[in-house]
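For reference, the chains in residue letters:
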Amino acid sequence: MTRQPPPHRCSTRWTLAARDAAPDLRRIPRAVPCTICEIRATLIFVSHHRLAPNVHEHTNALEAALSALRTELELPGDYPDDAVKDAAAAVSALQLPSHDLTGIDFITIDPASSTDLDQALYIERDGSSYRVLYAIADVPAFVAPGGPLDAETRRRGQTFYTPDGRIPLHPEVISEGAGSLLPGQDCSAFVWDFRLDARADVTAVTVRRARMRSRDKLSYKGAQAELDGGSPSDVLVLLKEVGLKRVELERARGGASLNMPDQEIVQLPDGGYRIAAAPQLPVEDWNAQISLMTGMAAAQLMLAGKVGILRTMPSPDERSLHHFRLQTEALGKPWDGQVSYGEYLRSLDPTDPRQLAIMHSAGMLFRGAAYTAFDGTVPADAVQSAIGAAYAHTTAPLRRLVDRFVLVTCEALCNGGEVPGWVRDALPSLPEIMAGSDQLASRMERLALDTVEAALLINHIGQEFGAIVISGSKPQKENGNGGNGKNGKNGNGNGNGNGGSGIIQIAEPAVTARCAGELEAGTKVRVRLVSSNIATREVHFELVPPLS
């Protein structure tokens, strides 16, 4: 399950996808982003036919538990009055750039419910080559350095998405109003102008502030439907063409993509919840390739200028790779190393429970993602290993703090200007701010999933499920730290605190969790749901002994 860029969430629909349209490891969702190192999954539900009970009897307990997360984790509350006033004043005083691109037919492609639109796209053919214009919301135009709004965004770091509401990085007057690239609205944007060759490789790139106007707000489903059977616009036709070529370039440089299905917590009409899953649409991958291309271009600009901040990630070590290979063998689709890691991941079928288990395990290979700031010298290791190139978070400034500084830096470097002092002064502090924000978001998402999953499972206590053992049994620690009873893949919970436990994936529906018992990787087993507790987020499974 990934975290792509995160789309808009409301109180009745929480899409667990990539963090932005250019995650560290896309499809590795949409979103987020998600990146392999940022996959936030404890249980993955693929088929919900047997797990869509009416849980209205437990709704109050579920809502109370979700609400308590905000207090427990000390998530940001309402926006401070002085920051809201600062934002409103900035909107009133906004002056659009003189460079006018309102004649360009930009479109946005996002989840249907999204209103915080960071990116708008236009593509045209240039002989056998291409020109891509990619507009990114001009958030810096609204945030005065050193002001109340600047301080509050640094405190938050990013937008937080919870099942019971969204906690925005910026006040809605910016994130869903003047700063969002809504259709029919004249906006200020950082417009990236790419020239691509026939292979869709970048031959030239510039970025500058411009006035622009989106012509249409497309949903992923709508765009895919147009491409599959309707009358797609020229931009969509070229997005597919360029996107597929960019995928081939990703393969050539050894990049890795993990096409995890979107997971959605959906509120039912009776107030209950279920978790639905949908495979990623091809148009999401093609759209993400444009954002990924922009992040790599931003990294190159900053490296050439010797100032900026990158998203970096070390390569997986041999021990991790060896363990992953063993898991792929146990789960029936061995990775023999004859094809690249990225090519292997693209071959996986997320509708197959065993291959979904492999995809979930793949997320553990890439660890150590960080932000690396520099000024005056170039980092010794600037590569984001999952992408296979230097990369910077660039395309989601409405929802992620660091992108604002990257955009201003790149625009200055590209046009012979000086990187502003307020940007240089902030660079050393940004890695710590973003790391803290990411950790908080990760913990919130993990606990929120545990909470909702406990509610979904509560009507199935005593039920048996077919399962596949992903990871064999490990002895429990005597102090109980390895078995506190919570669901999840990260060592939490074994059901009884005695003996061994391992990681299992239920075949139907596809749920990954820790289970008590002596388990051997790669084997098929029967497991029983022993208990589920919403308030404590605890789910206990146990191994069902085979019939003699």
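On a predicted model such as this, the values are computed, not experimentally measured, just so you know.

J.: Help me out: how do you make sense of the overall build of the protein chain in this one?
T.: The secondary structure content of the protein chain amounts to 13 helices and 19 strands. Buried positions account for 58% of the 548 residues belonging to the protein chain. For the protein chain, the computed accessible surface area is about 20200 Å², with 49% contributed by carbon and sulfur atoms.

J.: Got a minute to help me understand the nonpolar core in this structure?
T.: One broad trend across soluble globular proteins is that nonpolar side chains are buried collectively. Core analysis: the biggest nonpolar cluster contains 82 residues, and Phe106, Trp192 and Leu239 have the highest contact counts within it. Counting residues per element, this core draws most heavily on helix α7 (residues 282-305), which supplies ten residues. Excluding its chain neighbours within four sequence positions, the residues that come into contact with phenylalanine 106 are Leu101, Ala120, Leu121, Tyr122, Leu133, Ala135, Val191, Met212, Arg213, Ser214, Arg215 and Asp216.

J.: It is not clear to me how the packing of helix α2 (residues 81-93) against helix α3 (residues 148-156) should be interpreted in this structure. Could you clarify?
T.: For any two helices packed against each other, the geometry comes down to the angle between their axes and how far apart the axes lie. It is at 7 Å that the axes of α2 and α3 come closest, and there the two elements cross at 120°. Considering the angle they form, α2 stands oblique to α3. Remark: the crossing between α2 and α3 carries left-handed chirality. Residues Asp82, Ala83, Asp86 and Ala87 of α2 form the contact with α3, whose own contacting residues are Pro148, Leu149 and Glu152. Looking at the contact of α2 with α3, its residues break down into four nonpolar, no polar and three charged.

J.: Which parts of the structure should I look at to understand the environment of tyrosine 344?
T.: Looking at the secondary structure, you find tyrosine 344 in helix α9 (residues 341-346). Residue classification places tyrosine 344 among the buried positions, given a relative accessible area of 4%. As a C-alpha pair, tyrosine 344 and proline 334 span ten residues in sequence and 9.4 Å in three-dimensional space.

J.: Got a minute to help me understand the pattern of salt bridges in this structure?
T.: Think of it this way: side chains of opposite charge can pair up when their charged atoms draw near. Going through the model one piece at a time under the given rule, you end up with 27 salt bridges. Close ionic contact of aspartate 285 with arginine 346 constitutes a salt bridge, the shortest N to O distance being 3.2 Å. Of this pair, aspartate 285 sits in helix α7 while arginine 346 sits in helix α9, and the two are 61 residues apart along the sequence. Salt-bridge contacts for arginine 528 lead to glutamate 542; the nearest nitrogen and oxygen are separated by 2.7 Å. A residue pair is termed long-range when its members are at least 10 positions apart, and arginine 528 in strand β18 (residues 524-533) and glutamate 542 in strand β19 (residues 538-544) qualify at 14 residues. For arginine 528, a relative accessible area of 24% puts it in the partly exposed group. One network of salt bridges, with partners in common, ties together Asp116, Arg166, Glu172 and Glu176.

J.: Is there a simple way to think about the environment of serine 175 in this case?
T.: Within the secondary structure layout, serine 175 lies in helix α4 (residues 172-178). Take serine 175: its relative accessible area is 2%, and that puts it in the buried class. For serine 175 and leucine 398, which are 223 residues apart along the polypeptide, the C-alpha to C-alpha distance reads 5.7 Å. Beyond its immediate stretch of four places on either side in the chain, serine 175 contacts Thr115, Asp116, Leu117, Arg166, His170, Ser180 and Leu398. In terms of polar contacts, serine 175 uses its side chain to reach the backbone carbonyl oxygen of histidine 170, at 3.4 Å.

J.: Explanation requested: the packing of α3 against helix α11 (residues 401-414) in the structure shown.
T.: At a minimum axis distance of 8 Å, the contact between α3 and α11 shows a crossing angle of 120°. Regarding the angle of α3 to α11, the classification is oblique. Touching Asp150, Thr153 and Arg154 of α3 are Leu401, Arg404 and Phe405, all from α11. Considering only residue class, the contact of α3 with α11 consists of two nonpolar, one polar and three charged.

J.: Sorry if this is basic, but what is going on with the confidence of the model for the protein chain here?
T.: Interpreting fine coordinate detail is not advised for predicted regions of low pLDDT. Across the protein chain, the average pLDDT comes to 81, with 80% of residues at 70 or higher. The low-confidence segment residues 1-57 (pLDDT under 50) makes 301 contacts with residues lying over four places distant or belonging to another chain. Considering only residues more than four positions removed or in separate chains, one finds that residues 478-497, a stretch of pLDDT under 50, has 55 contacts.

J.: Explanation requested: α3 in the structure shown.
T.: The α-helix winds at 3.6 residues per turn, so residues separated by three or four positions along the chain end up facing the same way. Every buried residue belonging to α3 is among Leu149, Asp150, Glu152, Thr153 and Arg156, and all of these are buried. Taken down its axis, α3 places every buried residue within 165° of arc, on the same side. The elements touched by buried residues of α3 are α2, β5 (160-162), β6 (165-167), α4, α11 and α13 (430-457).

J.: What am I meant to see in helix α5 (residues 220-229) here?
T.: Among the residues of α5, Tyr220, Ala223, Gln224 and Leu227 are the ones counted as buried. Considered in projection along α5, the buried side chains sweep an arc of 95° and stay on one side of the axis. Seen from the open side of α5, the exposed residues pointing more than 90 degrees away from its buried face are Lys221 and Gly229. In this structure, the buried side of α5 is in contact with β2 (106-110), β8 (202-219), α6 (234-253) and α7.

Rules behind the numbers
- Each chain has its residues counted from 1, running along the sequence as written.
- Per-residue local features are limited, in this predicted model, to residues with pLDDT of at least 70; the limit for side-chain atom pairs, both in listing and counting, is 80 or more; totals at the level of whole chains, interfaces and linings are taken over all residues.
- The side-chain numbers reported here are obtained from all heavy atoms of the structure, hydrogens and water having been left aside.
- By definition, any uninterrupted DSSP run of H or I lasting at least four residues is a helix, any uninterrupted run of E lasting at least two residues is a strand, and each is numbered from the N terminus.
- Type-normalised accessible area, obtained with a 1.4 Å probe on protein chains alone, sets the label of each residue: buried when under 20%, exposed when over 50%, and partly exposed for intermediate values.
- Areas reported as accessible are Shrake-Rupley estimates using a 1.4 Å probe. Residue values count occlusion only from the protein chains shown.
- As used here, the term nonpolar core means buried Ala, Val, Leu, Ile, Met, Phe, Trp, Tyr and Cys residues forming a set that is joined through side-chain atoms within 4.5 Å.
- Note on definitions: a residue-residue contact is assigned when non-hydrogen atoms from the two residues lie within 4.5 Å.
- All axes here are fitted lines through C-alpha atoms, helices being fitted over the stretch that makes contact, and every angle between N-to-C directions spans 0 to 180 degrees.
- The labels follow the angle: roughly parallel below 35 degrees, roughly antiparallel above 145, roughly perpendicular from 65 to 115, and oblique for the rest.
- It is the rotation of the near helix from the far one that decides the hand of a crossing: anticlockwise by less than a right angle makes it left-handed, clockwise makes it right-handed.
- Under this grouping Gly is polar, as are all residues other than the nonpolar Ala, Val, Leu, Ile, Met, Phe, Trp, Tyr, Cys and Pro and the charged Asp, Glu, Lys and Arg.
- The term salt bridge refers to a pairing of a side-chain nitrogen on Lys or Arg with a carboxyl oxygen on Asp or Glu at a separation within 4 Å.
- Under this definition, polar contacts are N or O atom pairs within 3.5 Å; protein pairs additionally need one hydrogen-donor-capable and one acceptor-capable atom, and for neighbouring residues in sequence, both atoms have to be side-chain atoms.
- Per-residue confidence from the predictor is reported as pLDDT, a score between 0 and 100.
- Regarding the arc, it is the one traced by the directions from the helix axis to the C-beta atoms.

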